[in-house]
Amino acid sequence: MAKCSICGKNVHFGNNVSHSHRRSNRIWKSNIKSVRVKTEGGSKKMYVCTSCLKSGKVERA
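Residues numbered from 1 in each chain as written. Predicted model: local features only at pLDDT ≥ 70, side-chain atom pairs only at ≥ 80, totals over all residues. Heavy atoms only, no water.

**Comments concerning the nonpolar core**
If you look at the biggest cluster of nonpolar residues, it comprises nine residues: C4, I32, V35, V37, M46, V48, C49, C52 and V58. Counting residues per element, the ones that place at least two in this core are β3 (32–39) and β4 (42–49). Beyond its immediate chain neighbours, meaning those up to four positions away, M46 contacts S5, I6, K33, S34, V35 and V37. (Core = buried A, V, L, I, M, F, W, Y, C linked by side-chain atoms within 4.5 Å. Buried < 20%, exposed > 50% of the residue type's maximum accessible area, 1.4 Å probe, protein only. Helix = DSSP H or I, 4+ residues; strand = E, 2+ residues; numbered from the N terminus. Contact = heavy atoms within 4.5 Å.)

If you want it as structure tokens, here you go:
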């Protein structure tokens, strides 16, 4: 699974808890997109989470 190049956001692990309180493993995937980003040397393709895109930490090419 990809990881955000800006903030380092990745997958999170936890438990699904049923009504009878039985637990099973669960995974939460962060919303990561492959985007073209402006850099000093031109443009580059990076994996960036949508919260970084929305906050303006990254400028799209």
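**With respect to the environment of K9**
Looking at the element boundaries, K9 is found in the segment before β1 (12–17). Along the backbone, K9 and S20 are eleven residues apart, and their C-alpha atoms lie at a distance of 32 Å. A distance of 3.3 Å separates polar atoms of two side chains, one belonging to K9 and the other to S51. (Polar contact = N/O pair within 3.5 Å; in protein donor to acceptor, adjacent residues only side chain to side chain.)

**Some points on the state of the cysteines**
Tallied over the full model, the rule gives zero disulfides. With no disulfide of its own, C7 lies closest to C4 among cysteine sulfurs, the gap being 3.6 Å. Distance from the sulfur of C52, which forms no disulfide, to the nearest cysteine sulfur (C49) is 3.5 Å. Overall, C52 belongs to the buried group, its relative accessible area being 1%. (Disulfide = S-S within 2.5 Å.)

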